[in-house]
Amino acid sequence: MCAYSPVVSARALTKRYGQTQAVRGIDFSIPAGECFGFLGVNGAGKTTTMKMIYCRIARTSGDLLVLGRDPARDAVAIKQRLGVVAQENDIDPELTVLENLLLYASFFGIGGAQARRRATELLDLLSLTGKERAQVKEISGGMKRRLVIARALVNDPEILVLDEPTTGLDPQARLLVWEKLGALREAGLTLLLTTHYMEEAARLCNRVAIIDEGRILALGTPFELIERFAAADVLELIDAADASALHEQLDGLVVRRERHGDTQYLFCRDSRELLRRLRDLGFDPPRHVARHATLEDVFLNLTGRELVE
Ligand SMILES: Nc1ncnc2c1ncn2[C@@H]1O[C@H](COP(=O)(O)OP(=O)(O)OP(=O)(O)O)[C@@H](O)[C@H]1O
Ligand SMILES: [Mg+2]
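Quantities reported herein were computed from a predicted structural model and do not represent experimental measurements. (Residues numbered from 1 in each chain as written. Chains lettered and ligands numbered in written order. Predicted model: local features only at pLDDT ≥ 70, side-chain atom pairs only at ≥ 80, totals over all residues. Heavy atoms only, no water.)

1. Description of the pattern of salt bridges
Two side chains of opposite charge can pair, provided their charged atoms sit close to one another.
Then, number 1: Considering all chains together, one arrives at 19 salt bridges under this definition.
Then, number 2: Here E236 ties to R291 by a salt bridge, and the two come within 2.7 Å at their closest N and O atoms. Note that E236 is positioned in strand 10 (residues 233–238) and R291 in strand 13 (residues 287–292), a separation of 55 residues in sequence.
Then, number 3: Linked by salt bridges that have partners in common, R59, D70 and R73 make up one network. (Salt bridge = Lys/Arg side-chain N within 4 Å of Asp/Glu carboxyl O. Helix = DSSP H or I, 4+ residues; strand = E, 2+ residues; numbered from the N terminus.)

Here you go:
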């Protein structure tokens, strides 16, 4: 494979389950070493897309290449070179942490001292040392998730695919998983993940595809998406009078205006400056929030809905 060819590429990729069109023609291409994320709400088509990539389900139409090969023809060869963290932890609760890793290693033909060495390294990498003999059912949710990540690395994969790596974890456990994934990315591993946490996407991903109802609505670096679909800052006016009448007098400070429910979102370069200007004009909002814009705003502006429901 040529060094510049993408490790995953999709063109007009679709998946239909009976009457449900889960993925409606998506295009993307992921270079080696990138952390690429699909950000979207429940039912957006994230898992379906991941499952087509990790050769769990067949696509309905379109093109898909993973590590230069077509999953429709070369699933076995592709799977040897992938690490997969599925949405649900599929680990044997009755086995110990170490037994789970050794069993999984055996599926890749890795056994004996080599498997033990690899397991020890991975337990250390994911901060699970000392838990070798614990039964999976006894360890915390955060540890289970880290064990599934350790297991996915057993075959030294070229791409690590993670479907919602931190959903359901408490904030501290989530931070630890982010730290581990950040280290893997820094080590040069290609990461492909799905999430509905905008902070997860913003922290980890070089590029993000916003996916909704089976379509990619926007794709770019978090910075590009925020610049393009929001602005650097946002001033939220809650339960305030309509500020649009002042538009002419704001000297172009507001670059985009949205209203959702009782909140007006004024996207701007500098929310404090805008607030000062509004007050100078005699407009004093009863309640407001001045903050930097996030991928959450991008999602809201693109879909009219909130990411976290
Ligand atoms: N096996 C299946 N049979 C029928 N419909 C399915 C199947 N799997 C998923 N779907 C439907 O396809 C659509 C996309 O589902 P998918 O699981 O890919 O979404 P998702 O983005 O992963 O959502 P979540 O955040 O809830 O995991 C949904 O409407 C879902 O109900
Ligand atoms: Mg899913």
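2. Focus on the packing of aromatic side chains
Then, number 1: This model, assessed by the stated rule, comprises six aromatic pairs.
Then, number 2: Residues F28 and F38 carry aromatic rings whose centres are separated by 5.2 Å and whose planes lie at 80 degrees to one another, so their mutual orientation is edge-to-face. Taken together, the residues span a long stretch of sequence, with F28 in strand 2 (residues 20–30) and F38 in strand 3 (residues 35–39) at a distance of ten residues.
Then, number 3: Of the residues examined, F28 reaches a relative accessible area of 4% and is grouped as buried.
Then, number 4: Taking the centre distance of 6.5 Å and the plane angle of 15 degrees together, the rings of Y265 and F267 count as stacked.
Then, number 5: Taking relative accessible area as the criterion, Y265 reaches 8% and is therefore assigned buried.
Then, number 6: Ring pairing ties together the aromatic residues F28, F36 and F38, which thus form one cluster.
Then, number 7: Positioned over the ring face of Y197 is R174, at 4.0 Å from the centre of the ring. (Phe/Tyr/Trp six-rings, centres within 6.5 Å; stacked < 30°, edge-to-face > 60°. Buried < 20%, exposed > 50% of the residue type's maximum accessible area, 1.4 Å probe, protein only. Lys NZ or Arg CZ within 6 Å of the ring centre and 35° of its normal.)

3. Here's the deal with the nonpolar core
Then, number 1: The biggest cluster of nonpolar side chains holds 57 residues, and the ones touching the most others in it are I149, L160 and L181.
Then, number 2: Counting contributing residues, this core receives three or more from each of domain 1 (8–220) and domain 2 (231–293).
Then, number 3: What L160 contacts, discounting residues up to four positions off in sequence, is G83, V84, V85, I149, A152, L153, L181, L184, L189, T190, L191 and L192.
Then, number 4: By size, the runner-up hydrophobic cluster in this structure holds 28 residues, among which are A10, I53, Y54 and A86. (Core = buried A, V, L, I, M, F, W, Y, C linked by side-chain atoms within 4.5 Å. Domains from an automatic or database assignment. Contact = heavy atoms within 4.5 Å.)

4. Section: the coordination of the magnesium ion (ligand 2)
Then, number 1: Protein ligation of the magnesium ion (ligand 2) involves T47 (OG1) and Q87 (OE1), the donor distances falling in the range 1.9 to 2.2 Å. Of this pair, T47 sits in helix 1 (residues 46–53) while Q87 sits in the loop between strand 5 (82–85) and helix 3 (97–107), and the two are 40 residues apart along the sequence.
Then, number 2: With a relative accessible area of 33%, Q87 lands in the partly exposed category. (Donors = N, O, S within 2.8 Å, 3.2 Å for Na, K, Ca; no water.)

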